[in-house]
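Topology and contacts: notes
Listed below, chain by chain, are the residues.
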Amino acid sequence: MRLSMKLALRCALVVAAAAILAGCGGDNLSDLEQYAQKIQARRAPPIKPIPEIKPYEKYIYRDENLRPPFTPPAETVVESNLRPDAHRVKEYLEQFPLDSLSMVGTITMGGVRYALIKDNSGTVYRVKRGNYLGQNDGRIVKIGDDGLKLEEIVPNGLGGYVKRETTLTLATVDSKAGKS
């Protein structure tokens, strides 16, 4: 009985497959053939011409009164004693990148001029000459009406450090920003 069931199941599968294949055939493929002929009859778009290759222009390096091209500029010369002070206690505004801080004003109290610095959360801090800002040991050396000057100690790429002067300018207030 088991053998006859297997045989009957195989016969049923063969009949079902034949019925499915018979349904796929047919002579009504004329619309598909017309579409294929239409696509094949299209002209191919023209090929763009090869772009003109410009001739190589030779550059002659004239070294009179110039530094050699692979010698670093003079400002990157390593000063052996210039290093950030690792033992100095960091100030609060040194945790922020300098581009996330903005100067929003100045105030003078008791003969001391302060700059008003706003962080990206909107909190305003009061700093004076000698305070530090930013992540490159930036010490404030001058506070002016239009901004402040920082002296940063940055790596020079040669294993040493170099001083770099940076400015943080007074942020301008957009007159439309306050209106609702």
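This write-up is about the structure you can find in this document. Each chain has its residues counted from 1, running along the sequence as written. Predicted model: local features are reported for residues with pLDDT of at least 70 only, side-chain atom pairs are reported and counted for 80 or more only, and whole-chain, interface and lining totals are derived from all residues. As a rule here, side-chain values cover all heavy atoms of the structure and leave hydrogens and water aside.

1. Details of the overall build of the protein chain
We count a stretch as a helix when DSSP gives it H or I for four or more residues in a row; a strand needs E for two or more, and each element gets its number in order from the N terminus. When helices and strands are tallied, the protein chain shows two helices and seven strands. Going from the N terminus to the C terminus, the protein chain shows its helices and strands as α-α-β-β-β-β-β-β-β. Categorising residues by exposure relies on relative accessible area from a 1.4 Å probe, with only protein chains included: less than 20% of the type maximum marks a residue as buried, more than 50% marks it as exposed, and the intermediate range marks it as partly exposed. Considering the protein chain as a whole, with its 180 residues, one finds that 20% of them fall into the buried category. In the protein chain, the share of contacts with a sequence separation of at least 24, taken over all contacts with a separation of at least 6, comes to 39%. When the accessible area of the protein chain is evaluated, it comes to approximately 15,300 Å², of which 57% is carbon and sulfur surface. The contact criterion used throughout is that any non-hydrogen atoms of two residues lie within 4.5 Å. Residue-level accessible areas treat just the shown protein chains as cover; the underlying method is Shrake-Rupley with a 1.4 Å probe.

2. Looking at the environment of D99
Mapped onto the elements of the fold, D99 is located in the loop between α2 (30-41) and β1 (102-109). A C-alpha to C-alpha distance of 9.5 Å links D99 and N120, two positions 21 residues apart in sequence.

3. Structural notes on the environment of A171
Looking at the secondary structure, you find A171 in the segment after β7 (161-169). The sequence separation of A171 and S102 amounts to 69 residues, and the corresponding C-alpha distance is 6.2 Å. Residues within four places of A171 in sequence aside, it is in contact with S102 and M103.

4. A look at the pattern of salt bridges
Salt bridges are defined as contacts in which a side-chain nitrogen from Lys or Arg sits within 4 Å of a carboxyl oxygen from Asp or Glu. A complete count under the given rule lists eight salt bridges for this structure. A salt bridge links E94 to R88; the nearest nitrogen and oxygen atoms lie 2.8 Å apart. For the pair E94 and R88, a shared accessibility class is recorded, and that class is buried. Across the pair E151 and R139 runs a salt bridge whose closest N-O atoms are separated by 3.6 Å. Residue E151 is found in strand β6 (residues 147-155), and its partner R139 is found in strand β5 (residues 138-143); the two are separated by 12 residues along the sequence. The exposure class of R139 is partly exposed, given its relative accessible area of 30%.

5. Examining the sheet that holds β1
By definition, two strands form a pair when at least two bridges between them are found by DSSP. With respect to topology, three strands assemble into an open sheet ordered β1-β2-β3, the strand pairing being antiparallel. Across the chains shown, the open sheet's two edge strands, defined by having one partner strand only, are β1 and β3 (124-128). Put simply, the sheet's adjacent strands are angled 30 degrees from each other on average, direction ignored. Two elements, strand β2 (residues 112-118) and β3, share five bridges in a ladder whose sense is antiparallel. Paired with L116 across the bridge in β3 is R126. Working convention: axes come from line fits to C-alpha atoms, limited for helices to the stretch in contact. Angles between N-to-C directions cover 0 to 180 degrees.

6. Quick notes on the pairing of β5
Alignment of strand β4 (residues 132-133) against β5, held across two bridges, turns out to be antiparallel. Within the sheet, the bridge partner assigned to L133 lies in β5 and is G138. The pairing of β5 with β6 spans four bridges and is classified as antiparallel. Residue pairing for β6: I143 is matched across the bridge by L148.

7. Examining the packing of aromatic side chains
Pairing of aromatic rings covers Phe, Tyr and the six-membered ring of Trp, with a centre-to-centre limit of 6.5 Å; geometry is then stacked below 30 degrees between planes, edge-to-face above 60, and tilted otherwise. This model, assessed by the stated rule, comprises two aromatic pairs. Centre to centre, the rings of Y92 and F96 are 5.7 Å apart; their planes meet at 70 degrees, and the pair counts as edge-to-face. Assessed through its relative accessible area of 12%, F96 is described here as buried. Ring geometry for Y92 against Y125: centres 5.3 Å apart, planes inclined by 45 degrees, an arrangement best described as tilted. Taken together, the residues span a long stretch of sequence, with Y92 in the loop between α2 and β1 and Y125 in strand β3 at a distance of 33 residues. One aromatic cluster is present, formed by Y92, F96 and Y125 through successive ring pairs. Over the ring of Y114 we find R126; its NZ or CZ atom is 4.6 Å from the centre of that ring. For a lysine, the NZ atom is tested; for an arginine, the CZ atom; a charge sits over a ring if that atom is within 6 Å of the ring centre and within 35 degrees of the ring normal.

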